[in-house]
Structure formats: C-alpha cells, structure tokens
Amino acid sequence: MKTILALSILFSLIALPALGELTDADLNQIHLIVQEEIKTIKADIVMLKTDMAVVKTEVTNLKETVNNGFGNVQRDFADVQQDFDTFQKNFDRQNNIIIACIGIPLAILAIGATIWGILANRRSRKDETFEKQIETLTQEIETLKQQRIASP
C-alpha cells in the first residue's frame, strides 16, 4: 500500500513539470501566428487610409458641387451613397478584426480548458479503478488471513 502510494506520488511529480512547459518551437509558432495577424491588420489599416483619402476627396468634390449649384445633385447623391457604402464596409471590416482579436484567444482558452477537463476526468477515473482494485485485493487478503487462522 505504501509502495503504491509512493509510486503514484513519484509519477505525479515526474509528470507535473512537463504539462506547463512551452518549447522554443511552440514560441516560434506563436510568434509566426502573431506576425501574420499583424501583417493582415497593417494591410487593413493601409486600405482604410486609402479609403479615407477617397472619402475626403469625395467630400471636397461634393462641397465644390454644392458651391457651384444644385444642377448635379442627383449625380452627387449617388457618389455620397457610394462613399457611405464604402465607409460602412470599412466599419464592418474593423468590427470583424476586433471580433477576431477577441475571439481567437477565447477560443484557444476554451479548447485548453476542455482538454484540461478531459485529462482531469480521465485521471479521476483511473484513480477510482485503482481504489476499487485495492479494496478488492485488501478484502481477498483479509479473507485469506481468516482462512489461514481458522485452519492452520
């Protein structure tokens, strides 16, 4: 009994440090993923800047048209509608980026918690089966001792 307890504690202590370590390869993979995400965000920022410049020029054109008169109001309204649609698309893109920046780490945490829960559940099941085996073996030993005492 003491041997089994000592061995289970020893094996648990041996396995503990390996669960939390990150290797250099893991860190490199994380670094590559972060760099890829940064590249996409930078590309989106450049697109937003160019789109914003387009919106500014359209606004100045609209101001000139209003100053010159209301002869081309229908055509200018279509340009403003197109600019608004572009702005709405950019706004939606920014929302998607924000959601991805929040959702990816949460998904990683959820997957990690799920795996940890599964592993913890397996260990508790193994412990229960070992305890049952120990109890049955203890009962058999007691039975054999009583038989030996009764009939020497």
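Novice: I tried to follow the overall build of the protein chain on my own but got confused; where do I start?
Specialist: Summing up its helical and strand segments, the protein chain has three helices and zero strands in all. Across the protein chain, helices and strands are ordered from the amino to the carboxyl terminus as α-α-α. Expressed as a percentage of the 152 residues in the protein chain, the buried residues total 5%.

Novice: Is there a simple way to think about the confidence of the model for the protein chain in this case?
Specialist: The predicted coordinates ought not to be read in detail in places where the model reports low pLDDT. Across the protein chain, the average pLDDT comes to 80, with 87% of residues at or above 70. Of all helices and strands in the protein chain, the one with the weakest mean pLDDT is helix α1 (residues 2-19) (71), whereas helix α2 (residues 24-68) scores best (86).

Novice: Explain the environment of V54 here, please?
Specialist: Looking at the element boundaries, V54 is found in helix α2. Relative accessible area serves as the criterion here: at 41%, V54 is assigned to the partly exposed category. Sequence spacing of V54 and D83 is 29 residues, and the spatial spacing of their C-alpha atoms is 8.2 Å.

The rules behind each value
- Residues numbered from 1 in each chain as written.
- Predicted model: local features only at pLDDT ≥ 70, side-chain atom pairs only at ≥ 80, totals over all residues.
- Heavy atoms only, no water.
- Helix = DSSP H or I, 4+ residues; strand = E, 2+ residues; numbered from the N terminus.
- Buried < 20%, exposed > 50% of the residue type's maximum accessible area, 1.4 Å probe, protein only.
- pLDDT = per-residue confidence, 0-100.

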